[in-house]
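Residues per chain are reported as follows:
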Amino acid sequence: MHKIYMTLFFVVIALFTKTTVNAQALQDTTPVSVNVDLEQIFNAKNPKEYTIAGIKVTGTQSFDQNLIVSISALAVGDKVMIPGADAFSKAITNLWKQNLISNVEIFFTKLVGRDLYVEINITERPRLSSFKFKGVKKGEGDDLNGKVGLVKGRVVTENMKMVAIDNIKKFYVEKGFRNIDVTVQQEKDATQTNAVFLTFTISKGDKVRVSEIFFGGNDNVPDPKLKKQMKGTKEMSRLTLYPAKDQNVYSDKNNTLSFNKYLKESGYLSPSKTKEVLDPYFRFKLLSSAKFNEKKYQEDKEKILDYYNSLGYRDAVIVADTQYTDKKGNMDVAIKLSEGHQYYFGNIAWRGNTKYTDSLLSFFLGIHKGDIYNIATLNKKLGKQPSQEGGDISSLYMDDGYLFFRIEAVETAVYQDTIDHEIRIVEGPQATIGKVEITGNDKTKDYVIRRELRTIPGEKFSREQLIRTQRELSQLGFFNPEKINPNIVPNTDNGTVDINWGLEEKSSDQLELSAGFGGGIGLTGTLGITFNNFSINNIFKKSSWSPLPTGDGQKLSLRVQSNGKAFRSYNFSFTEPWLGGKKRNSFTVSYYDTKYSNAYDPTTGLYSSTAADTSYIKTTGFSISLGKQLKWPDDYFSLIYSLNLQQYQLKNYNIFPGLTNGNSTNISIKVTLARSSAGPNPIFPTSGSNMNLSLQLTPPYSLFHDKSFYDDATSRYKFVEFHKERFNAEWFVPIGTAHGADHNKQFVLKAAAKYGFLGRYSTKTQISPFERFQLGDAGLSNNFALLGYDIIAHRGYPVYDNSNPKINPDLSSASQFFTIFNKYTLEMRYPFSTAASSTIYGLTFFEAANGWYTIQDYNPFKLRRSVGVGARFFLPMFGLLGFDYGIGLDRVTPGSTLKSAAKFTFMLGQEPE
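Quick caveat, the model's predicted, so the values are computed rather than measured.

The tally for this structure, following the rule as stated, stands at 33 salt bridges. Notably, a salt bridge pairs Lys 445 with Asp 552, separated by 3.2 Å at the nearest N-O pair. Of this pair, Lys 445 sits in the loop between strand E17 (432-439) and helix H14 (446-450) while Asp 552 sits in the loop between strand E21 (522-534) and strand E22 (554-563), and the two are 107 residues apart along the sequence. Classification of Lys 445 by relative accessible area gives partly exposed; the value is 29%.

In structure tokens, the structure reads:
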């Protein structure tokens, strides 16, 4: 306002100057009395009313004159009193508020009777043509372009420049720089009218790092415990200090550090802690980076208090804190605490509960008299903090329909170090599900979604069933798991609740495509496509092909693979997850035909069709399976029956001793009991488990033949005979959230155990050479998969065929395969992205596995161990890609290095066994 009034003062002077000039200029053509009246307007003793007869705007370059007049709020026909009118001062104020002009003057140019003519003269502010940064790298400059908030073409104001400087400083403060100097230079742009360009000169200085963190007043909690809570404020490398002449001052040989003395004198450190802080032999060297971030520092102080509260010190406060920058530009941080008393839970009483007894609620609460007081634990047990895990009081009620349930813990008494509570409950009525609507399913049909819903209109509301439905919809793979949002609308008037399931479709089909041409081998390549939301019912409806009939939730997979003359494979499968449409009974049919040829002709040194037709193994298979969801022990269980038929045809292909030509037939029945509760994201589960126990049986042909029948190799392999048992289990446990990360991005521990056994019915026969277990490498399918082998991955090791871990298994290929195997895995996973378009996570692993040939040799403690790191990338179009770098610990021999025991593995399609 000061600037406005000063401007108005100069405007008034300009008015007198202007009118005088006008009078002199017009003295030959205008009556003198008129000019005298114009000059004497402000000299009148009594105000007179005038009418604004005309408004002229001068000085504009880019603004419309009518816009300036409109902003000024002056209008032709307005009545003004002069002297005493404030319409003109308001006009100046209105124009200044817009920040569009740098100067404004109002002149009276003509007076005819009581008609007054006015001129508004403005000087426009320049506009921004461009800007640049000096003193920083190009990459940083590119990042700053989107941070400073400058837009080309906008009017340049002092406030705009100050905001840009503040944004630049904020950008570098977040990177650990605190001594930033920014200057801005404004220059005219000769290429444009009334335009300027800005140059920001930036001096970042050095990064400010936290040298040490000191605590005072923490008599009951040691410093390391408190420093551990400060996830965003870490100390840098420790210095080894040497005593100086003044025992209160220590130096690192070159720079005197007097901060410790300052801390003592300021009361941040108690005398009992001085020895601990100043003792030069207490220090140790630790390489670390520790930039200081003010925002994270404030968060860390809150975490310290939260930690104290978790230990029962609910009165703990930070009395003071300070930062001190040393000569090197680094920072020491001191925090002075007042811990207060440690409190404990006392008596806990329940009020308002009619559904459940006090004893049952106390059992679910899990807090007893004498436990250390922790308000966070109390709120979690009461269900104040939303969680999908359940196990709290709120979940107990809401799983039984009490949607309108409310609970509150009230402190009733505080005596000495004990706090009594009364937990007050308002149960409310049980809610019934009203309308259930679905939105966002542009491709998937409503009935496919509704059959997965466990929130059925007319049934009692259940929080557990709501969470279960989220998991089931996510498991379909048709929707973005992060966008499955049940919008719950309670209707307190009639005791119902409406649920609107908001969904977002995602691409679920997968394409596999590769091609090449090799000299002698010929054309090689793979073409595979999987439709995960197929509609076979609409396959003959032309209108449904856009580009394919979709929406019925069926799965169709087609795959063709060729390696020239040496290998070719055709695969087909179809799955209907709800056979009949009323129950979760899955039906799957599949067919494959694979041929692996010894196509190399040693006489010519080339691959040829003639050689491929004279030596090969061909496998043709067909299977049909039916799965049924069980109700007991719970509905996570399912039972799957499958009938499998494989025929192996050999021609001049010596794969087993005594079997070079002929056919082998494998007919088997497989029964699998499975339980799956892992989720909610099927690609990156964060909780739950997957387990399955399977039994695969062939007919007992040996019961119908004597031992001599199996002496002939052709008879021995004509019909494959075995029984095979498998057990797989994996658990997913959320560990916590990384500092500064989204709460959805938490560490997850995966623990897995796998077992396999292949046996025979009678001693008349040998154990089947088919259906065995191959261990080692990445678990990718190979030519041994043609024989029904289970390919078991073991990262850090090549394929091995010896059960003794002390024997280095560095083989190019194995000569025989196991009938028994064990495998154990621990993985720590962390997601970098859980978006529907790409799921990416990293992992570290420990793995131990081995195989054996006979039950007599079996020793579950003789395992080959490995450790390593890896990453997984899931792209909807291509499926799962994986990379692992593993070190086989039992491959390390005397004189060898870890590098020689390391192995890089790659996986594609799905997680290997």
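Where strand E28 (residues 637-651) meets strand E29 (residues 662-676), 14 bridges bridge the pair, whose relative direction is antiparallel. Paired with Tyr 641 across the two strands is Val 671, which belongs to E29. Strand direction decides the pairing type here: E29 and strand E30 (residues 688-697), joined by eight bridges, are antiparallel. Residue pairing in the sheet places Arg 675 in a bridge with Met 691 of E30.

A word on the sheet that holds strand E13 (residues 331-338). The strand order across the open sheet formed by three strands is E8-E13-E12, and the pairing between neighbours is mixed. Because the sheet does not close on itself, it has two edges, and the strands there are strand E8 (210-216) and strand E12 (317-325). The average angle at which neighbouring strand axes cross in this sheet is 15°, direction not considered. Strand direction decides the pairing type here: E8 and E13, joined by six bridges, are parallel. Bridge pairing in E13 places Gly 216 opposite Lys 336. Across the sheet, helix H10 (residues 294-310) touches E8, E12 and E13, and the angle it forms with E12 is around 145°.

This part is about a positive patch on the surface. Together, Lys 147, Lys 170, Lys 175, Lys 207, Lys 291, Lys 295 and Lys 296 line one region of the surface with positive charge. Here Lys 175 is to be found in the loop between helix H6 (158-173) and strand E6 (181-188).

The next subject is the environment of Leu 311. Its place among the elements puts Leu 311 in the loop between H10 and E12. A C-alpha to C-alpha distance of 7.3 Å links Leu 311 and Gln 342, two positions 31 residues apart in sequence. Once you skip the residues sitting within four places of it in the chain, Leu 311 turns out to touch Val 221, Gln 342, Ile 372 and Tyr 373.

Examined against the element boundaries, Lys 506 turns out to sit in the loop between strand E19 (496-502) and strand E20 (510-518). Buried and without a salt bridge, Lys 506 has Glu 504 as its closest oppositely charged side chain, separated by 9.5 Å. When near neighbours in sequence (up to four residues on either side) are disregarded, Lys 506 contacts Gly 477, Phe 478, Phe 479, Asn 480, Pro 481 and Ala 836.

Moving on, we come to a nonpolar patch on the surface. On the surface, a nonpolar cluster with roughly 890 Å² of combined accessible area is contributed by Leu 558, Phe 572, Tyr 591, Phe 622, Ile 624, Tyr 641, Leu 643, Leu 645, Ile 667, Ile 669 and Val 671. Those elements that place two or more of their residues in the nonpolar patch are strand E27 (616-629), E28 and E29. Relative to the helices and strands, Val 671 resides in strand E29. What makes Val 671 partly exposed here is its relative accessible area of 30%.

Here is what the cut-offs are and how they apply
- Residues numbered from 1 in each chain as written.
- Predicted model: local features only at pLDDT ≥ 70, side-chain atom pairs only at ≥ 80, totals over all residues.
- Heavy atoms only, no water.
- Salt bridge = Lys/Arg side-chain N within 4 Å of Asp/Glu carboxyl O.
- Helix = DSSP H or I, 4+ residues; strand = E, 2+ residues; numbered from the N terminus.
- Buried < 20%, exposed > 50% of the residue type's maximum accessible area, 1.4 Å probe, protein only.
- Pairing = 2+ DSSP bridges.
- Axes fitted to C-alpha atoms, helices over the stretch in contact; angles between N-to-C directions.
- Contact = heavy atoms within 4.5 Å.
- Patch = residues over 30% accessible without salt bridge, like charges linked within 9 Å, V, L, I, M, F, W, Y side chains within 5 Å.
- Areas by Shrake-Rupley, 256 points an atom, 1.4 Å probe, with all protein chains shown as cover.
- Lys, Arg positive; Asp, Glu negative; His and termini not counted.
- Charge placed at Lys NZ, Arg CZ, Asp CG, Glu CD.

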